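Reading the structure
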Amino acid sequence: MVFIDLGEAYAYPSHPELWVKGSWPIEKLQAELARLRGMGFEVLPKLNFSASHCAWLKDYARMLSTPDYYRVCADVIRDVVAAFGRPRLFHIGMDEERITHHKCCSYACARQGELWWHDLDFIRREVEKNGSRAWMWIDHIAEKAAENQAYDHLPKEVMMSPWYYHLVFDPAKTWEVRVMHELDAHGYDLIPCGSICYFDNDSVERLSAYCEAHFDRTRLHGYLNAPWLEMNAFFRDRLILAGESVGRARKAVEG
């Protein structure tokens, strides 16, 4: 499985105002999808509707929770699902939406409380209405989950990606590990995510071994490696290591 992080890279048919120089038309995108599928990959779309990661929405990024914002979100979801042919999963992001993540920005905006849950539910429903399943990060439920009644708000239909990139797995000391245990206890489907971005080259192997040993395997749907590196020659060796890490983890899990 591979993600394509679309952002402004796709020329959304319904909204030409979102295009930038070099945005791919649907013919070029579908040719790339065919090439990757021919190599044996399941190809999934990735957008991020978090206020911390939605610069690709241009002016609409400053119109959160307005009728225009909802209309555009619904339109681009429909465009993407159509281009990918109703993909099994659709990454919606929703991570890092806190003012603390905007400390260095000239413009800071974050939804909170019921409004955040309302908008998440709107995006999830639009994905499902078009025939895919929403997949998101766990950031918003990670802090004060009980106080925010997070597990009452978050439907089981959403695929969850808890993430952890370090070496020591202790739920009493590390909130990322604690949240993984909470999600498992509440019955969510999981695709845990590791990364070599902190130079732990066996991150995914460690993460998958821990999850296989501690969580309900019927709700573990695989593992993700997010390199968090730019796709260029400078990071070539690191990106190859990321792929090799996934390969080793897969052999260990399947073996």
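Heads up: the structure comes first, above all this text.
Heads up: these notes are all about the structure in this document.

What counts, and at which threshold
Residues numbered from 1 in each chain as written. Predicted model: local features only at pLDDT ≥ 70, side-chain atom pairs only at ≥ 80, totals over all residues. Heavy atoms only, no water. Helix = DSSP H or I, 4+ residues; strand = E, 2+ residues; numbered from the N terminus. Buried < 20%, exposed > 50% of the residue type's maximum accessible area, 1.4 Å probe, protein only. Contact = heavy atoms within 4.5 Å. Phe/Tyr/Trp six-rings, centres within 6.5 Å; stacked < 30°, edge-to-face > 60°. Lys NZ or Arg CZ within 6 Å of the ring centre and 35° of its normal. Salt bridge = Lys/Arg side-chain N within 4 Å of Asp/Glu carboxyl O. Core = buried A, V, L, I, M, F, W, Y, C linked by side-chain atoms within 4.5 Å. Disulfide = S-S within 2.5 Å. Axes fitted to C-alpha atoms, helices over the stretch in contact; angles between N-to-C directions. Parallel < 35°, antiparallel > 145°, perpendicular 65-115°, else oblique. Nonpolar A, V, L, I, M, F, W, Y, C, P; charged D, E, K, R; others polar. Right-handed = clockwise from strand over helix to strand, strands pointing away. Pairing = 2+ DSSP bridges.

**A few points about the overall build of the protein**
- Per the secondary structure count, the protein includes 8 helices and 7 strands.
- In terms of its C-alpha atoms, the protein occupies a principal-axis envelope of roughly 45 × 45 × 35 Å.
- Burial statistics for the protein: of 255 residues in total, 47% are counted as buried.
- Here the analysis covers contacts within the protein between residues at least 6 apart in sequence; of these, 73% occur between residues at least 24 apart.

**Comments concerning the packing of aromatic side chains**
- Using the criterion set out here, one finds 15 aromatic pairs in the structure.
- Between Tyr12 and Trp56, the aromatic rings sit 6.1 Å apart at their centres with planes inclined by 40°, giving tilted as the arrangement. Separated by 44 residues along the polypeptide, Tyr12 in the loop between strand 1 (2–5) and helix 1 (26–38) and Trp56 in the loop between strand 2 (43–46) and helix 2 (67–84) bring together distant segments of the chain.
- Judged by its relative accessible area of 0%, Tyr12 is buried.
- Relative to Phe169, the ring of Tyr164 has its centre 5.0 Å away and its plane inclined at 70°; by these criteria the two rings are edge-to-face.
- For Phe169, a relative accessible area of 18% gives the class buried.
- Among the aromatic residues, those joined into a cluster by ring pairs are Tyr10, Tyr12, Phe49 and Trp56.
- The residue whose ring lies beneath Arg62 is Tyr107, and the NZ or CZ to ring-centre distance is 4.2 Å.

**Focus: the pattern of salt bridges**
- One pass over the full model with this rule turns up 20 salt bridges.
- Where Arg248 meets Glu205, a salt bridge forms, and the shortest distance between an N and an O atom there is 2.6 Å. Residue Arg248 is found in helix 8 (residues 236–254), and its partner Glu205 is found in helix 7 (residues 203–214); the two are separated by 43 residues along the sequence.
- The exposure class of Arg248 is partly exposed, given its relative accessible area of 39%.
- Among the salt bridges present, the one from Glu212 reaches Arg217, with a minimum N-O distance of 2.6 Å.
- Several salt bridges converge on common partners, so that one network encompasses Asp121, Arg124, Arg125 and Glu128.

**As for the nonpolar core**
- Membership of the largest hydrophobic core comes to 70 residues, with the highest contact counts inside it found for Phe49, Ile92, Ile141 and Met160.
- The greatest single-element share of this core, amounting to 10 residues, is contributed by helix 2.
- In this structure Phe49 touches Trp56, Tyr69, Cys73, Val76, Ile77, Phe90, Ile92, Met94, Glu97, Arg111 and Ile123, once residues within four positions along its chain are discounted.

**A few points about the state of the cysteines**
- The final tally for this structure, using the stated rule, is 0 disulfides.
- Its sulfur unpaired, Cys54 is 8.1 Å from the next cysteine sulfur, which belongs to Cys73.

**What to know about the packing of helix 1 against helix 2**
- Relative orientation of the contacting elements helix 1 and helix 2 amounts to 45°, with a least axis distance of 10 Å. As far as their axial angle goes, helix 2 and helix 1 are oblique. Seen from helix 1, the contacting residues are Ile26, Leu29, Gln30, Leu33 and Arg37; seen from helix 2, they are Ala82, Ala83 and Phe84.
- Each residue belonging to the contact of helix 1 with helix 2 can be placed in one class, and the counts come to 6 nonpolar, 1 polar and 1 charged.

**Here's the deal with unusual backbone geometry**
- Within the chain, Glu96 stands out as a residue other than glycine whose phi angle is a positive 60°.
- Turning to its location among the elements, Glu96 is positioned in the loop between strand 3 (89–93) and helix 3 (113–129).
- With a relative accessible area of 28%, Glu96 lands in the partly exposed category.
- Of note, Trp228 is a non-glycine position whose phi angle comes to about 55°, a positive value.
- Within the secondary structure, Trp228 sits in the loop between strand 7 (224–225) and helix 8.

**Focus: the side chain of Ser245**
- Tracing the backbone shows Ser245 in helix 8.
- A relative accessible area of 0% places Ser245 in the buried class.
- Look past the residues within four positions of Ser245 in its chain and what remains in contact with it is Asn201, Asp202, Ser203, Val204, Glu205 and Asn225.

**Let's talk about the pairing of strand 4 (residues 133–137)**
- Counting buried residues along strand 4, 4 of its 5 residues qualify, which places the element largely inside the surrounding structure.
- Once the chain exits strand 3 it traverses helix 3 before rejoining the sheet at strand 4, and the crossover so formed is right-handed.
- Relative to strand 5 (residues 159–161), strand 4 runs parallel, the two being bridged by 3 bridges. Its bridge partner being in strand 5, Trp137 is matched across the sheet by Ser161.

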